[in-house]
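Remarks on the overall topology
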Amino acid sequence: MSGIKEKAIGPQLRALRKKRGLTLEAVSSDTGMDKGYISRLERNLKAPSVATLLKLSDAFGVSIGEILGEETGIDTIQVSRRAERGAARIDDNGASFEPMNPGGLRVNAFLLEPAAEFSDRGTDAEHGGSELVVCLQGSIEIRFVDRAVVLDIGDSIQFPGHHPHRLRRLGTEKAVAILIITRDED
């Protein structure tokens, strides 16, 4: 067999390269391989030989097993234990946000307790990436420019973060949600 064809390793190669902040040119320089070939490997258009895998594992500083998805790199899993992160809370006009995964890579999660009223800052939240809100307790209203959506326990909503939006709890009962914000890929 001239190449490894059993597994689609392209996404793993691209993720390793991006995580290390390397360009195709830099990997090409480190490995002596053509950058077009490396690009084709990342898009699963070519299957690497064992020699290619050895060069790539050296360039990325990982085992071949990690490239093949047979091992999990120690830096690819992030566990955040509540006892270790403390009770850091961000208070914002009556709402509180507790980061659940400080230093999140591409995903940031918060335990959210919305305020009774919309923020009085006069601006709606807008950001890159996507947002997912899952209502765990009470009722929550999410207001967009042209509509409002009410979430009750167990309901969720996902939307592009660039849509201007505001959140508040409905009623007098405490409301709690998980807020997940993903960042756009570079």
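This section reports on the structure supplied with the text. No experiment lies behind these values; they were computed from the predicted model shown. (Residues numbered from 1 in each chain as written. Predicted model: local features only at pLDDT ≥ 70, side-chain atom pairs only at ≥ 80, totals over all residues. Heavy atoms only, no water.)

Looking only at helices and strands, the protein features six helices and nine strands. The burial tally for the protein puts 35% of its 186 residues in the buried class. Contacts in the protein between residues far apart in sequence, at least 24 positions, make up 61% of those at least 6 positions apart. Summing over all exposed atoms, the protein offers an accessible surface of approximately 10900 Å²; the carbon and sulfur share of this is 52%. (Helix = DSSP H or I, 4+ residues; strand = E, 2+ residues; numbered from the N terminus. Buried < 20%, exposed > 50% of the residue type's maximum accessible area, 1.4 Å probe, protein only. Contact = heavy atoms within 4.5 Å. Areas by Shrake-Rupley, 256 points an atom, 1.4 Å probe, with all protein chains shown as cover.)

This brings us to helix H4 (residues 50-60). Buried residues of H4: Thr 52, Leu 53, Leu 56, Ser 57, Ala 59 and Phe 60, and no others. All buried residues of H4 fall inside an arc of 160° around its axis, so they share one side. For H4, the exposed residues lying more than 90 degrees away from the buried face are Val 50 and Asp 58. Summarising the contacts, the buried residues of H4 are in contact with helix H1 (10-19), helix H2 (24-31), helix H3 (35-42) and helix H5 (64-67). Gly 61 sits one or two residues past H4 and shows a positive phi near 70°. (Arc of directions from axis to C-beta.)

Our focus in this paragraph is the packing of aromatic side chains. Within a pair of aromatic rings, the relevant descriptors are the distance that separates the centres and the angle that separates the planes. One pass over the full model with this rule turns up one aromatic pair. For the ring pair Phe 144 and Phe 159, a centre distance of 4.9 Å and an interplane angle of 90° mean the geometry is edge-to-face. Residue Phe 144 is found in strand E5 (residues 139-144), and its partner Phe 159 is found in strand E7 (residues 156-160); the two are separated by 15 residues along the sequence. In this structure Phe 159 comes out as buried when scored by relative accessible area, which is 6%. (Phe/Tyr/Trp six-rings, centres within 6.5 Å; stacked < 30°, edge-to-face > 60°.)

So, about the pairing of strand E2 (residues 95-99). Of all the five residues making up E2, five are buried; the element is thus mostly covered by neighbouring parts of the structure. Here E2 shows no split at all, with Ala 95, Phe 97 and Pro 99 on one side and Ser 96 and Glu 98 on the other all buried. Note: E2 against strand E3 (residues 107-113), four bridges, orientation antiparallel. Looking at E3, one finds that Glu 98 is bridged to Leu 111. (Pairing = 2+ DSSP bridges.)

Within this structure, the stated rule accounts for seven salt bridges. Measuring nitrogen to oxygen at the nearest pair gives 3.5 Å for the salt bridge that ties Lys 174 to Glu 113. Of this pair, Lys 174 sits in the loop between strand E8 (165-170) and strand E9 (176-182) while Glu 113 sits in strand E3, and the two are 61 residues apart along the sequence. Its relative accessible area of 44% is what places Lys 174 among the partly exposed residues. Note that Asp 146 and Arg 147 form a salt bridge whose closest N and O atoms lie 3.2 Å from each other. (Salt bridge = Lys/Arg side-chain N within 4 Å of Asp/Glu carboxyl O.)

Now for the sheet that holds strand E6 (residues 148-151). Within a sheet, each strand pairs with its neighbour through backbone hydrogen bonds, oriented either parallel or antiparallel. The antiparallel open sheet is built from three strands, whose spatial order is E6-E5-E8. The two strands at the open ends of the sheet, each matched to only one other strand, are E6 and E8. Between one strand axis and the next, the sheet turns through 20° on average, direction left out of account. Note: E5 against E6, four bridges, orientation antiparallel. Bridge pairing in E6 links Ile 140 to Leu 151. (Axes fitted to C-alpha atoms, helices over the stretch in contact; angles between N-to-C directions.)

With that settled, the discussion passes to the nonpolar core. Ranked by size, the top nonpolar core spans 17 residues in total, and within it Phe 97, Val 133, Ile 140, Ile 142, Leu 151, Ile 157 and Leu 179 carry the most contacts. Residue assignment for this core shows that the elements contributing at least two residues are E2, E3, strand E4 (130-137), E5, E7 and E9. What Val 133 contacts, discounting residues up to four positions off in sequence, is Leu 151, Asp 155, Ser 156, Ile 157, Leu 167, Ala 177, Ile 178 and Leu 179. The next biggest cluster of nonpolar side chains, apart from the first, holds 14 residues, and it includes Met 33, Tyr 37, Ile 38 and Leu 56. (Core = buried A, V, L, I, M, F, W, Y, C linked by side-chain atoms within 4.5 Å.)

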